[in-house]
Amino acid sequence: MGLTHFNEEGRAKMVDVTEKAITTRTAVATGRVCLNPETFALVKNGQMKKGDVLAVAQVAGIMAAKKNSELIPMCHPIILTGVDISFNMDEEKSVIDIFATVKCKGETGVEIEALTAASVAALTIYDMCKAVQRDILIEHICLLRKSGGKSGDFVREEK
């Protein structure tokens, strides 16, 4: 499979998806925010001075998916039919796992929109917690699965 984001002159281009079939496309991406136990407790108990960390991160992730084509140069503007951000809070490890699910009916997939949503949700958690913890770690941002389109389904295998 050749590189598709370059024209005959070797310069960047947005891929032409005019002839691709319109299909339902879904992508789920994840990311993890690692906190210390004290910061984790503040987030969990809604005691962070900036407000409800997860509510703000959820809205930020949704907004990021909608604005993705303004952030990533070669991404197509896509009419999204659904965006959902959910969180799994692991108190034992003091981590927040983020899951971003994005859907559309269109000619191109929503993997980057899901990855952007998970990333911005993680960055928002970082921003809202940085006053009480400087060594927050964001990790494991990746695509978990996608469906739809010519290339078919993808499911990340655990390693």
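Our subject is the structure that appears above.
Reading the values: rules and limits
The numbers attached to residues start from 1 for each chain and follow its sequence in the written order. Where totals are concerned, whole chains, interfaces and linings use all residues; where local detail is concerned, this predicted model gives features only for residues with pLDDT of at least 70, and gives and counts side-chain atom pairs only at 80 or more. For the side-chain quantities, the full set of heavy atoms in the structure was used; hydrogens and water were omitted. For our purposes a nonpolar core is just a set of buried Ala, Val, Leu, Ile, Met, Phe, Trp, Tyr and Cys residues, chained together by side-chain atoms within 4.5 Å. Three labels apply to residues, based on accessible area from a 1.4 Å probe with only protein chains included: buried if under 20% of the type maximum, exposed if over 50%, partly exposed otherwise in between. Comment: elements are numbered from the N terminus, with helices defined as DSSP H or I runs of at least four residues and strands as E runs of at least two. Between two residues, a contact is recorded if the distance between any of their heavy atoms is within 4.5 Å. Axis definition: a line fit to C-alpha positions, over the contact stretch in the case of helices; interaxial angles, taken between N-to-C directions, run 0 to 180 degrees. If an angle is under 35 degrees, it is roughly parallel; if it is over 145, roughly antiparallel; if it lies from 65 to 115, roughly perpendicular; otherwise it is oblique. In this scheme, a crossing is called left-handed if the near helix is turned counterclockwise away from the far one by less than a right angle; it is called right-handed if the turn is clockwise. Think of it as three bins: nonpolar holds Ala, Val, Leu, Ile, Met, Phe, Trp, Tyr, Cys and Pro, charged holds Asp, Glu, Lys and Arg, and polar takes everything else, Gly as well. Patch membership requires over 30% relative accessible area and the absence of a salt bridge. Like charges are linked within 9 Å, and nonpolar side chains (Val, Leu, Ile, Met, Phe, Trp, Tyr) within 5 Å. For the area figures, the Shrake-Rupley method with a 1.4 Å probe applies, and any residue is considered shielded solely by the protein chains shown. Salt bridges are defined by distance alone: a side-chain nitrogen of Lys or Arg within 4 Å of a carboxyl oxygen of Asp or Glu. It is the directions from the helix axis to the C-beta atoms whose arc is reported. Nitrogen and oxygen atoms within 3.5 Å of one another constitute a polar contact, given that in protein one can donate a hydrogen and the other can accept it, and given that sequence-neighbouring residues count only through two side-chain atoms.

1. Quick word on the nonpolar core
General note: in soluble globular proteins, nonpolar side chains tend to be found buried as a group.
1) Next: Within the largest apolar cluster, 29 residues are counted, with the highest numbers of intra-cluster contacts made by Val43, Ile98 and Ile125.
2) Next: For this core, the secondary-structure elements that each account for two or more residues are strand S1 (23-34), helix H1 (37-44), helix H2 (53-71), strand S2 (80-90), strand S3 (95-106) and helix H3 (111-129).
3) Next: Sorting elements by how many residues they give to this core places H3 first, with eight residues.
4) Next: Filtering out sequence-adjacent residues up to four positions away, Ile98 remains in contact with Ala29, Thr30, Gly31, Val33, Ile85, Ser86, Phe87, Ala118, Ala121, Ala122 and Ile125.

2. What about the packing of H2 against H3?
1) Next: Direction vectors running N to C along H2 and H3 enclose 140°, while the axes themselves pass 7 Å from each other. As summarised for this structure, H2 and H3 are arranged oblique, according to the angle between their axes. Note that H2 runs across H3; the crossing there is right-handed. Residues Val53, Leu54, Val56, Ala57, Ala60, Gly61, Ala64, Ala65, Asn68 and Leu71 of H2 form the contact with H3, whose own contacting residues are Ile112, Glu113, Thr116, Ala117, Val120, Ala121, Thr124, Ile125, Met128 and Cys129.
2) Next: Taken together, the residues that form the contact of H2 with H3 break down as 15 nonpolar, four polar and one charged.

3. Side note on a nonpolar patch on the surface
1) Next: A cluster of nonpolar side chains, namely Leu71, Ile72 and Ile112, defines an oily patch on the protein surface of about 240 Å² accessible area.
2) Next: Structurally, the position occupied by Ile72 is in the loop between H2 and S2.
3) Next: Looking at Ile72, the relative accessible area reads 34%, which means it is partly exposed.

4. Observations regarding H1
1) Next: Within H1 the residues assigned to the buried category are Thr39, Phe40 and Val43. Buried residues of H1 fall within an arc of 100° about the axis and therefore sit on the same side. In H1, the exposed positions that point more than 90 degrees away from the buried face belong to Pro37 and Glu38.
2) Next: Its side-chain oxygen at 3.1 Å from the backbone nitrogen of Glu38, Asn36 defines the N-terminal cap of H1.
3) Next: Just downstream of H1, Gly46 is the residue with a positive phi angle, here 65°.

5. Observations concerning the pattern of salt bridges
1) Next: For the structure on display, the rule yields five salt bridges.
2) Next: A salt bridge links Lys44 to Glu91; the shortest N-O distance between them is 2.8 Å. Remark: Glu91 occurs in the loop between S2 and S3 and Lys44 occurs in helix H1; sequence separation between them is 47 residues.
3) Next: In this structure Lys44 comes out as partly exposed when scored by relative accessible area, which is 44%.
4) Next: Taking the shortest distance from any N to any O, the salt bridge between Lys67 and Glu70 comes out at 3.6 Å. Placement of the pair is Lys67 and Glu70 together in helix H2, with a separation of three residues, close to one helical turn.
5) Next: Look at Glu70 and you get exposed, because its relative accessible area is 60%.
6) Next: A single salt-bridge network, built from bridges that share partners, covers Lys50, Asp127 and Lys130.

6. Section: the side chain of Asn68
1) Next: For Asn68, the position within the fold is in helix H2.
2) Next: Under the relative-accessibility criterion, Asn68 is labelled buried at 0%.
3) Next: Sequence-distant contacts of Asn68, that is, excluding residues within four places in its chain, are made with Cys75, Ile112, Glu113 and Thr116.

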